[in-house]
Amino acid sequence: MKFSVIIPIYNVEKYVEQCIYSVARQDYPTNDFEIIVVDDCSPDNSIHIVNRLSQSFNNIKIVRHAENKHLGGARNTGIREATGDWILFVDSDDSLASNTVLSSLNELIQRYGGNIDAIKSNTYTDILSKPDHITTNHSTGKLIEGKEYLVDSNFLCNVWTGCYRRLHLIQRALFFREHIAYEDFDWTTKVFHEADKVLVIDFPFYAYRLNPESITNSPTIKVFKDNIASGMAVNEYIQSYITDTLCKKACLQRLKKAILSYLKISRNYKLKDSLICMNELQDSGLLQIPDLSKDLFEKVIFLLLHKAPFIPLVAIRCSTLLKRKFIQNK
C-alpha cells in the first residue's frame, strides 16, 4: 500500500464529513491508500458520522482510544496502525486541497525514487478558496538534506503540509508527545533534522480551516503551559542533538519567534491569567537561553519579560485597545 492518511477526531461533527470526503474521493486507486480515523474519545456525534461514511468507503479504518490522548497521541496511534509506505496527517476540521493530491504526490515519489524521507510543501491554501485541481507538471521540487531544510527561511513547523516515509518515522522512533497541545513544533524539528533527503515543493496540497473552536484559539492557562512545554522540548532537542552551527542558529531563531509570539497570545487572556502565564514562562528558563541572538529591541523585551513581565503585558493591552478604538472610529 502506498499511502496512509491519518485523521484524529475530537469534537468535529461540523467538519469531519467534508474532511473525510476530501480524502476518500481522491482520483487514486482505493486499494492503494487507507484512511485511518482515530477516535480520541470524542464526546459529540463525530464517530457516528465516520461509521456511516465507512459503509460507503471500504478503505476507512476506525481506531478508538480508551482515553483521550490529544492530537499527538491520536497521531501516534495512526502511525502504529499504518501499513502504507507514506503517511499524511489531516486534521479533521481541514481537508486535502483537491482530489488529485495523492496522485500528484505519487508522481513526485516516482520521479525522485526511493531516496527521500519526506515531501514538504512550503505553502497551503484556505479551505474556503481551495483549488479544484493541482498539478506537479510545473514543479520539479528541490531535493535537499533534512538539516538544510531546517535552515530554509520558508520552513513550516506544521505537520500537515508534509508527507512522510513511514519507515523513517518507525525506525527512528519519531513519535509525538501525548496528552498535550502544540505537539508539532518539536516533532517537525526532529523529523527533518534526522531526514537524509527532503523534497521541498512549491504547490499547496492541504486546505486549512481557521476554526474559532480549535485548541490554538482557546485562551486557557493549560494551553499556554502546553505552548511553553513545546518550546522547552524544542530547546532540549536543539541543545542535545543539533551540532551544525547554521542549523542550530536557524532553529533557535525560530524558537525565539515562538517565545515572542507568547506575548501576542497573552492579549486573549484576562490580565491576572496573563501574569500567571508569564510567570510560567519565567520558570521555564526559555527567557535565559544564552544562544538566542537578539537585536536591541528584543533584548529589552526579553529583559522585561524576565524581570518585570507586567510592563510588556500592559503595553500590549493598551496597544490592542487603541487599535480596536481606531477601527471603530474609521
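Residues numbered from 1 in each chain as written. Predicted model: local features only at pLDDT ≥ 70, side-chain atom pairs only at ≥ 80, totals over all residues. Heavy atoms only, no water.

Novice: So what exactly am I meant to see when it comes to the overall build of the chain here?
Specialist: Helices and strands together make up the secondary structure of the chain, namely twelve helices and eleven strands. For the chain, the accessible surface area stands at approximately 15500 Å², while carbon and sulfur atoms represent 52% of it. (Helix = DSSP H or I, 4+ residues; strand = E, 2+ residues; numbered from the N terminus. Areas by Shrake-Rupley, 256 points an atom, 1.4 Å probe, with all protein chains shown as cover.)

Novice: For this particular structure, what's the right way to read the state of the cysteines?
Specialist: Evaluation of the coordinates by the stated rule reveals zero disulfides. Between C251, a cysteine without a disulfide, and C247, which holds the nearest cysteine sulfur, the sulfur-to-sulfur distance is 4.3 Å. (Disulfide = S-S within 2.5 Å.)

Novice: Looking at this structure, I do not really get the sheet that holds strand β11 (residues 206-208). What am I missing?
Specialist: Strand pairs in the sheet, formed through backbone hydrogen bonds, run parallel or antiparallel to each other. The three strands are arranged β5-β11-β7 in an open sheet whose pairing can be described as mixed. Edge strands, defined here as strands with exactly one partner in the open sheet, are β5 (95-96) and β7 (125-126). Examined bridge by bridge, β5 and β11 share two bridges and lie antiparallel to one another. Within β11, the residue paired with L96 across the bridge is Y206. (Pairing = 2+ DSSP bridges.)

Novice: Mind showing me how you'd approach helix α4 (residues 101-112) here?
Specialist: Because each turn of an α-helix spans 3.6 residues, side chains separated by three or four positions in sequence point in the same direction. End to end, α4 covers 17 Å across twelve residues, agreeing with the expected 16 Å (1.5 Å per residue, within 8%). Within α4, the full set of buried residues consists of V101, L102, S104, L105, N106, L108 and I109. (Expected span 1.5 Å × (residues − 1). Buried < 20%, exposed > 50% of the residue type's maximum accessible area, 1.4 Å probe, protein only.)

Novice: Looking at this structure, how should I read the nonpolar core?
Specialist: Buried together is how nonpolar side chains tend to be arranged in soluble globular proteins. Counting residues in each nonpolar core, the largest one holds 50 residues, and the members touching the most others are F89, Y164, L169, W187, F192, I259 and L281. Residue contributions to this core peak at eight residues, all from helix α9 (residues 245-266). Ranked by size, the runner-up nonpolar core spans 38 residues in total, among them V16, C19, W86 and I201. (Core = buried A, V, L, I, M, F, W, Y, C linked by side-chain atoms within 4.5 Å.)

Novice: Got a minute to help me understand the sheet that holds strand β1 (residues 3-9) in this structure?
Specialist: Ordered in space as β3-β2-β1-β4-β9-β6-β10-β8, the eight strands form an open sheet in which the pairing is mixed. The open sheet is flanked by β3 (60-64) and β8 (142-145), the only strands paired with a single partner. With strand direction ignored, the average angle separating the axes of adjacent strands in the sheet is 25°. Its contacts with the sheet place helix α3 (residues 70-81) against β1, β2 (33-39), β3 and β4 (86-89), and it is angled at close to 150° to β1. Packing against the sheet, α4 makes contact with β1, β2, β4, β6 (118-121), β8, β9 (162-165) and β10 (197-201), and its axis sits at approximately 140° to β1. (Axes fitted to C-alpha atoms, helices over the stretch in contact; angles between N-to-C directions. Contact = heavy atoms within 4.5 Å.)

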